[in-house]
Amino acid sequence: MKTLTQQEYQAMSEGARVLEADPHGAKVLLLADGTILKLFRRKRLVTSAMIFPYATRFASNARKLAALGVPVPEVIDVLRIPELGRDAVHYRPLPGVTLRQLAGEALPEERKRRLREAFNQLVVLLHDNGVYFRSLHIGNVIVTPDDRLGLIDFSDMRIYPWALGSYLRRRNIQRLYKVATEIEWIDLPFILGKGRR
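Just so it is clear, the model here is predicted, and its values are computed rather than measured. (Residues numbered from 1 in each chain as written. Predicted model: local features only at pLDDT ≥ 70, side-chain atom pairs only at ≥ 80, totals over all residues. Heavy atoms only, no water.)

Negative phi is the rule for most residues except glycine; trans is the rule for most peptide bonds. Positive phi, close to 70°, is recorded for Asp-147, a residue that is not glycine. With respect to the secondary-structure elements, Asp-147 resides in the loop between β9 (141–143) and β10 (149–151). A residue is classified by how much of its surface remains accessible, and Asp-147, at 36% relative accessible area, is partly exposed. (Helix = DSSP H or I, 4+ residues; strand = E, 2+ residues; numbered from the N terminus. Buried < 20%, exposed > 50% of the residue type's maximum accessible area, 1.4 Å probe, protein only.)

What follows deals with the nonpolar core. Core analysis: the largest hydrophobic core is formed by 39 residues, its most contacted members being Phe-119, Leu-151 and Phe-154. Secondary-structure elements contributing two or more residues to this core are β4 (36–41), α2 (54–67), β6 (86–92), α3 (99–103), α4 (109–128), β9, β10 and α7 (188–192). Broken down by element, this core gets its largest block of residues, six residues, from α4. Core analysis: the next-biggest nonpolar cluster, separate from the first, contains nine residues, Leu-4, Leu-31, Leu-37 and Leu-39 among them. (Core = buried A, V, L, I, M, F, W, Y, C linked by side-chain atoms within 4.5 Å.)

The next point concerns the pairing of strand β3 (residues 25–30). Judged from the five bridges that link them, strand β2 (residues 17–22) and β3 form a sheet pairing that is antiparallel. Along β3, the bridge assignment pairs Val-18 with Leu-29. Hairpin connection from β2 to β3: two residues lie between these consecutive antiparallel strands. Where β3 and β4 come together, three bridges link them in antiparallel fashion. Each bridged residue has a counterpart across the sheet, and for Leu-30 the counterpart in β4 is Ile-36. Between the antiparallel neighbours β3 and β4 lie five residues, among them Gly-34 with a positive phi of about 90°. (Pairing = 2+ DSSP bridges.)

Set out below in structure tokens:
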């Protein structure tokens, strides 16, 4: 993890556009060169993020997902900015549009069917490889220009050394059930049948 001074951070973020913020400040910046800087702050004084920071988790998860053949952003650097009390990951964004953006369009039925099938196959691939990802939703899935499905926001992902059982597979997709328009993207029998129709 590379240390960045406040002055270096300010120089790096000059001309950046804030893509996401909360009451504590910027969370995601689109830098002038087209790369992304994602900032993480520790929410508690004593936390596992002291030992394994979220920025490091993001980079580690990116490597593991890429090894599974899942398209992900290309990590450039993992940074610590002590004066701001922030860690950060600097990466090249994954080109494409989110599945949620596409779902909001009037897609031809055949394209929607193929995307839905690809999404469910991605979920099964993750589950079969021990990936427990509570933030899995169609807003975190990118459809790349070559029509592959990739992931973009996975710092809270856990990867077990075994395939997920039915209980964790169900829990992993609960968030999708909270959004009425996203339920239709889930083929529950296929996912819980571990990819066997």
